[in-house]
Number of protein chains: 2
Amino acid sequence: MKCIKCKKTAEVELKSHNAAFCRDCFVEFFKNQVIKGIKKFKMFTDKDKLLVAVSGGKDSLTVWHVLNELGYKADGLFIDLGIDGFSEVAKKTTEAFAERLSAKLIVVDLKKEGLAIPDVVKKTRRVACAVCGQIKRYYFNMTALKYGYDVLITGHNLDDEVGRLFSNVLHWKMEYLKDQSPLLPAEDGLAKKAKPLWRLTEFETSVYAFFNDIDYVSISCPLSKNATFRSYKKHLNEIEFDSPGTKIDFYQGFLKNMLPVLSKKNESSIKNRCKICGYPTLADVCGVCRLKGLD
Amino acid sequence: MKCIKCKKTAEVELKSHNAAFCRDCFVEFFKNQVIKGIKKFKMFTDKDKLLVAVSGGKDSLTVWHVLNELGYKADGLFIDLGIDGFSEVAKKTTEAFAERLSAKLIVVDLKKEGLAIPDVVKKTRRVACAVCGQIKRYYFNMTALKYGYDVLITGHNLDDEVGRLFSNVLHWKMEYLKDQSPLLPAEDGLAKKAKPLWRLTEFETSVYAFFNDIDYVSISCPLSKNATFRSYKKHLNEIEFDSPGTKIDFYQGFLKNMLPVLSKKNESSIKNRCKICGYPTLADVCGVCRLKGLD
């Protein structure tokens, strides 16, 4: 197979794009998809102060890398979850990558905040991924606001977005569907959030990481057991295999046809603030401050 | 396992309803689900003149049978598609069943109309299921209007509706999504249409047919090759197996949360009429009259 750009031997085939690329042309293609994804939603410009939430995994290191390649200046934010045998590796990997990019890295240590994930899970008996997500979103947001970043960036790829969309559609979770845009504008108390990899699949992200020697953490979190979500991704992969392009169509169709219908109704952002930390909440005290107060 | 109603030995387990039933209690359950489905959408009353579209298959004979059991008087409409080795069997089966119910059966012979499906497929080179669906819908509608029926009834079950919903959602076909209600009201030129089995799965319908000795055509149409749709049903079956109740939640969630959002925009019924037959159409001559005119 030949690269459709330069006719050299292709190293990657992308059926959904009806294309095959050599190494260099694939990286070019990947960057162009990121540019397209950023422009489509006017996510940010090179004037903006960007903060990338980095876990040490493939997606977050890739988005940090590609933004750097495209000339954006982006700092990193690592949340140390306090999970033994996992968080140390993730932190070292992220620190080494920050050094490679000569980029600034902010580290939040959940142990010091009294919120190490294994402890919180033990206390609350809640599902680890749910409570961990809640705490991470909180610190992403608070850190971005505290240091005056214009945009908080995450490494979510097309498979993540489509998996979540699939789950939200199967159960018609209308409130969640409204928030399934690759760009969430800033609101009072909430930082602007962007997902520049929304057009790129998990596979494409892996290939980019491999071609760019990105040394990422490949072990899964030992607390993660999100089997339902994984099964949705499996079904979507099979459907994509039978009809290449279904994933991106599903997500783009949603963004184009569905999101505008839903957004019209959405005028009710949360006005109330946590009396301890100031985070938007429906209660007196926000969920994370309540977790901190648990014995 | 015991029947949850009468404590006799159960013959069917329904995980999505967290239930198991003996033969009699299952049939009772099935009838109650049909009653619930009819009431929820105020589909029709026993004063209405009902026409059931019957193909000779499990679903259409079942809906005809259960409506009869529930005291509704419903005539049948059989469209002879003119498919050799298939349509003769379907017709004989349907006629025998009409006799069993002592019900009137109207037969439309597509060969006489110059629209035998194999001929039309040959002429148009269109996908058989698409063109057959178009022609059947046309005659369902025209026959219901011609003989003054109040409601046209089809045997679509939950799996049919959910499979179609899944396909329409994956590609966000907004116009089709708007029409995915178990009840479509009458419009000028279009009969009222109802699907009383919308709450019942394919499995439940099969069990009802078996328990009631319904002798249906079990061979598939030799022209049908709808592999994509079948693959969607397979994925939905696997998801249902992992999380019983997902199918009905998916459809009911759609009806409750999504359909109202979509319907608000839908005020544009087709005003134009076919100048040959009077059927609603966007063109001068409707699709079926154009098919009749082909050489």
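Residues numbered from 1 in each chain as written. Chains lettered and ligands numbered in written order. Predicted model: local features only at pLDDT ≥ 70, side-chain atom pairs only at ≥ 80, totals over all residues.

**Quick word on the overall build of chain A**
Across its full length, chain A holds 11 helices and 8 strands. Over its C-alpha atoms chain A spans a radius of gyration of 19 Å, differing by no more than 12% from the 19 Å that the globule rule assigns to 295 residues. Taken across its 295 residues, chain A has 38% of its residues classed as buried. Long-range pairs, those at least 24 residues apart, make up 68% of the contacts in chain A between residues at least 6 apart in sequence. (Helix = DSSP H or I, 4+ residues; strand = E, 2+ residues; numbered from the N terminus. Rg over C-alpha atoms; globule rule 2.2 N^0.38 Å. Buried ≥ 20, exposed ≤ 12 C-beta atoms within 10 Å, placed from the backbone. Contact = placed C-beta atoms within 7 Å.)

**Topic: helix α3 (residues 87-101) of chain A**
Residues and elements named next belong to chain A. With 15 residues, α3 ought to run about 21 Å at 1.5 Å a step, and its terminal C-alpha atoms sit 21 Å apart, in line with that. By the burial criterion, the buried members of α3 are S87, A90, K91, T93, T94, F97 and A98. Across the axial projection of α3, the buried residues extend over an arc of 165°, all falling on one side. The exposed residues of α3 that point more than 90 degrees off its buried face are E88, K92, A96 and E99. A positive backbone phi angle near 50° is found at S102, which sits one or two residues after α3. (Expected span 1.5 Å × (residues − 1). Arc of directions from axis to C-beta.)

**Details of the sheet that holds strand β3 (residues 50-53) of chain B**
All names here are of chain B. If you trace the 6 strands from one edge of the open sheet to the other, you get β5-β4-β3-β6-β8-β7, paired in mixed fashion. Of all the strands in the sheet, the pair left with one neighbour each is β5 (105-109) and β7 (183-184). Bridging between β3 and strand β4 (residues 74-80) involves 4 bridges; their strand directions are parallel. Following the sheet pairing, V52 is matched in β4 by G76. This element, helix α5 (residues 128-146), spans β3, β4, β5 and β6 (151-153) of the sheet and lies at about 140° to β4. (Pairing = 2+ DSSP bridges. Axes fitted to C-alpha atoms, helices over the stretch in contact; angles between N-to-C directions.)

**Overview of the interface of chain B and chain A**
Contact with chain B, which involves 18 residues of that partner, is made by 19 residues of chain A. At the level of secondary structure, the elements contributing two or more residues to the side of chain B that touches chain A comprise α6 (158-170), α9 (227-242) and α10 (246-263) of chain B. With 8 residues, α10 of chain B is the single largest residue contributor to the side of chain B that touches chain A. Looking at the side of chain B that touches chain A residue by residue, the classes come out as 9 nonpolar, 7 polar and 2 charged. (Nonpolar A, V, L, I, M, F, W, Y, C, P; charged D, E, K, R; others polar.)

**A closer look at the sheet that holds strand β5 (residues 105-109) of chain A**
Strand pairing in a sheet relies on backbone hydrogen bonds, with the paired strands running either antiparallel or parallel. Residue and element names in this part refer to chain A. Reading across from one edge, β5-β4-β3-β6-β8-β7 is the order of the 6 strands in this open sheet, with mixed pairing throughout. Here the strands that pair on one side only, and so sit at the sheet edges, are β5 and β7 (183-184). Of the pairings in the sheet, the one linking strand β4 (residues 74-80) to β5 comprises 5 bridges and is parallel in character. Residue G76 lies in a different strand from β5, and its bridge partner there is L105. Across the sheet, α3 is in contact with β4 and β5; its angle to β4 comes to roughly 170°.

**Brief notes about the packing of helix α1 (residues 23-40) of chain B against helix α8 (residues 202-211) of chain B**
Residue and element names in this part refer to chain B. Packing of α1 against α8 brings their axes to within 10 Å, and their N-to-C directions diverge by 125°. Taken together, the axis directions place α1 and α8 in an arrangement best described as oblique. In this structure, α1 meets α8 at a crossing whose hand is left-handed. Seen from α1, the contacting residues are R23, F26, V27 and F30; seen from α8, they are E204, V207, Y208 and F211. Looking at the contact of α1 with α8 residue by residue, the class counts come to 6 nonpolar, no polar and 2 charged. (Parallel < 35°, antiparallel > 145°, perpendicular 65-115°, else oblique. Left-handed = near helix turned anticlockwise from the far one by under 90°.)

**Some details on the pairing of β4 of chain B**
Residues and elements named next belong to chain B. Within β4, 5 of the 7 residues are buried, which leaves the element mostly enclosed by the surrounding structure. Crossover connection from β3 via helix α2 (residues 58-69) to parallel β4: handedness right-handed. Once you follow β4 into helix α3 (residues 87-101) and on to β5, the crossover reads as right-handed. (Right-handed = clockwise from strand over helix to strand, strands pointing away.)

**Regarding the relation of the copies chain B and chain A**
Note on the copies: chain B fits chain A at an RMSD of 0.0 Å, the axial shift is 0.0 Å, and the rotation between them is 180°. Each copy turns onto its partner about a two-fold axis. In terms of C-alpha distance to the rotation axis, chain B has H235 of chain B as its closest residue, with the C-alpha 3.2 Å off the axis. Both copies share a contact surface, since 94% of the interface residues of chain B are interface residues in chain A too. (Least-squares fit on C-alpha atoms with pLDDT ≥ 70 in both.)

**A closer look at the packing of α2 of chain B against α8 of chain B**
All names here are of chain B. As a packed pair, α2 and α8 sit with axes 10 Å apart at the nearest point and diverge in direction by 65°. The handedness of the crossing between α2 and α8 comes out as left-handed. Residues K58, D59, L61 and T62 of α2 form the contact with α8, whose own contacting residues are T205, S206, Y208 and A209. Considered class by class, the residues forming the contact of α2 with α8 number 3 nonpolar, 3 polar and 2 charged.

**Digging into the confidence of the model for chain A**
Scored by pLDDT, chain A comes out at a mean of 94, with 98% of its residues at no less than 70. Reported confidence for the predicted complex is 0.86 by ipTM and 0.90 by pTM. (pLDDT = per-residue confidence, 0-100.)

**Digging into the environment of A20 of chain B**
Residue and element names in this part refer to chain B. For A20, the location among the structural elements is in strand β2 (residues 19-21). Between the alpha carbons of A20 and K7 there is a distance of 9.6 Å; along the sequence they are 13 residues apart. If sequence neighbours within four positions are ignored, A20 has contacts with M1, K2, C3, I4, A10, V12 and E13.

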